[in-house]
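Descriptive analysis of the structure
Listed below are the residues making up each chain.
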Amino acid sequence: MPVSVRQAFWYWLRLGFISFGGPTGQIAIMHQDLVENRRWISEKRFLHALNYCMVLPGPEAMQLATYIGWMMHRTAGGLMAGALFILPSLFILVGLSWVYMAYGAVPAVAGVLYGIKPAVTAIVLFAAWRIGSRALNNAVLWAIAGAAFVAVFFFRVDFPIIVLSAALAGFAGGRIAPRLVCRWRRS
């Protein structure tokens with residue numbers, strides 16, 4: 001059954017208010033909601049959209065929301081998803097900034113703000129594991145991810161070089177041994 005514009009509106013608005021944990025957490029929330037719970041899009045379409053958005057410069061979670069909104073309701077859906085993804089977060093950020101500037105020196109308020117950090121870190125780690133375990137479905141893809149991690153963590157290689165290197169490794173693997181690298185083929 002197709003998703004109505006009204007259903008999409010309320011979903012994107014809700015997501016704008018609950019999307020904590022940076023892009024990894026936001027993407028995990030979208031995956032759980034849109035693929036697993038609501039079944040509005042398939043796993044294959046979600047991962048395809050995610051891969052597409054990760055190659056583009058800019059905030060991939062926002063791009064993913066906009067792209068999925070566009071897939072569901074074309075231009076109006078993309079604009080709606082993009083705006084509702086950003087605006088609630090903006091208002092929350094302004095409110096929290098005000099609280100921090102006005103009351104950040106109060107120990108109880110500082111404690112609350114510092115207490116949020118470990119929870120958000122746990123959300124991000126859990127989200128990375130969930131998305132990674134689905135996207136990295138064989139040893140070759142795990143090796144590419146591991147090499148990318150080593151490059152960024154130990155050698156401080158710039159992000160564009162890592163993405164380009166991973167793309168070239170995937171391209172070469174797709175030409176040499178497509179069954180080891182490619183999860184699906186277009187029909």
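What this report covers is the structure whose coordinates are included nearby. (Residues numbered from 1 in each chain as written. Predicted model: local features only at pLDDT ≥ 70, side-chain atom pairs only at ≥ 80, totals over all residues. Heavy atoms only, no water.)

1. Quick notes on the overall build of the chain
Defined as follows: A run of DSSP states H or I qualifies as a helix once it reaches four residues; a run of E qualifies as a strand once it reaches two. Both are numbered from the N-terminal end. Buried, partly exposed and exposed residues are distinguished by accessible area as a fraction of the type maximum, computed with a 1.4 Å probe on protein chains only: under 20%, between the cut-offs, and over 50%, respectively. Throughout, a contact is declared for two residues whenever any of their heavy atoms are within 4.5 Å. The Shrake-Rupley method, run with a 1.4 Å probe sphere, supplies the accessible areas, and residue values consider only the shown protein chains as cover. Charged-residue counts in this description rest on Lys and Arg as positive and Asp and Glu as negative, His and the chain ends being excluded. Note on charges: their place is set at NZ of Lys, CZ of Arg, CG of Asp or CD of Glu.
When its secondary structure is counted, the chain shows 8 helices and 0 strands. Shown N-terminal to C-terminal, the secondary structure of the chain runs as helices and strands in the order α-α-α-α-α-α-α-α. Once the C-alpha set of the chain is aligned to its principal axes, its extents read approximately 60 × 45 × 25 Å. Classification of the 187 residues of the chain by burial places 29% in the buried group. When contacts within the chain are restricted to residue pairs at least 6 apart in sequence, long-range pairs at least 24 apart make up 55% of them. In the structure as shown, the chain presents an accessible area of about 12,100 Å², 71% of it carried by carbon and sulfur atoms. Across the chain, the 16 positively charged side chains and the 5 negatively charged ones have centroids separated by 7 Å.

2. Quick word on helix α2 (residues 22-37)
What counts here: Any helix carries an expected span of 1.5 Å times its number of residues minus one.
Given a rise of 1.5 Å per residue, 16 residues ought to cover 22 Å, and the 21 Å separating the end C-alpha atoms of α2 matches this to within 8%. The complete set of buried residues in α2 reads Gly25, Gln26, Ile27, Ala28, Ile29, Met30, His31, Asp33, Leu34 and Val35. On the buried face of α2, the contacting elements are α1 (5-18), α3 (43-55), α4 (60-103) and α5 (107-135). Once α2 finishes, Arg39 follows within two positions and takes phi at roughly 60 degrees, a positive value.

3. Thoughts on a nonpolar patch on the surface
Using the following cut-off: Residues forming no salt bridge and having over 30% relative accessible area are the ones grouped into patches, like charges within 9 Å of each other and nonpolar side chains (Val, Leu, Ile, Met, Phe, Trp, Tyr) within 5 Å. For this analysis, a salt bridge means a side-chain nitrogen from Lys or Arg found within 4 Å of a carboxyl oxygen belonging to Asp or Glu.
Nonpolar side chains collect at one region of the surface, where Phe149, Val150, Val152, Phe153, Phe154 and Phe155 lie side by side and expose about 630 Å² of accessible area between them. By relative accessible area, which is 46% here, Phe153 ends up partly exposed.

4. So, the side chain of Gln26
Along the chain, the position of Gln26 falls in helix α2. Here Gln26 falls in the buried class, since its relative accessible area comes to 13%. Setting aside residues no more than four positions away along its own chain, Gln26 makes contact with Ser19, Phe20, Ala61 and Phe85.

5. Some points on the pattern of salt bridges
Applying the stated rule across the entire model yields 4 salt bridges. The closest approach of N and O atoms between Glu36 and Arg130, which form a salt bridge, is 2.5 Å. With a gap of 94 residues between them, Glu36 in helix α2 and Arg130 in helix α5 connect regions that are remote in the sequence. Classification of Glu36 as partly exposed rests on a relative accessible area of 24%. For Arg130, a relative accessible area of 14% corresponds to the buried category. Between Arg134 and Glu36 there is a salt bridge whose closest N-O contact spans 2.7 Å. Pair noted here: Arg134 is in helix α5 and Glu36 is in helix α2, with a separation of 98 residues, a long-range link. By relative accessible area, which is 28% here, Arg134 ends up partly exposed.

6. A closer look at the packing of aromatic side chains
Heads up, the rule is: Two rings belonging to Phe, Tyr or Trp (six-membered ring only in the last case) form a pair when the distance between their centres is within 6.5 Å. Interplanar angles under 30 degrees mark stacking, angles over 60 mark edge-to-face geometry, and anything in between is tilted.
Taken as a whole and assessed by the stated rule, the structure comprises 9 aromatic pairs. With a centroid separation of 5.0 Å and an interplanar angle of 70 degrees, the aromatic rings of Tyr11 and Trp12 are classed as edge-to-face. With respect to burial, Tyr11 and Trp12 carry one shared label: buried. Centroid distance Tyr52 to Tyr67: 5.3 Å. Interplanar angle 40 degrees. Geometry classified as tilted. With a gap of 15 residues between them, Tyr52 in helix α3 and Tyr67 in helix α4 connect regions that are remote in the sequence. For Tyr52, a relative accessible area of 44% translates into the label partly exposed.

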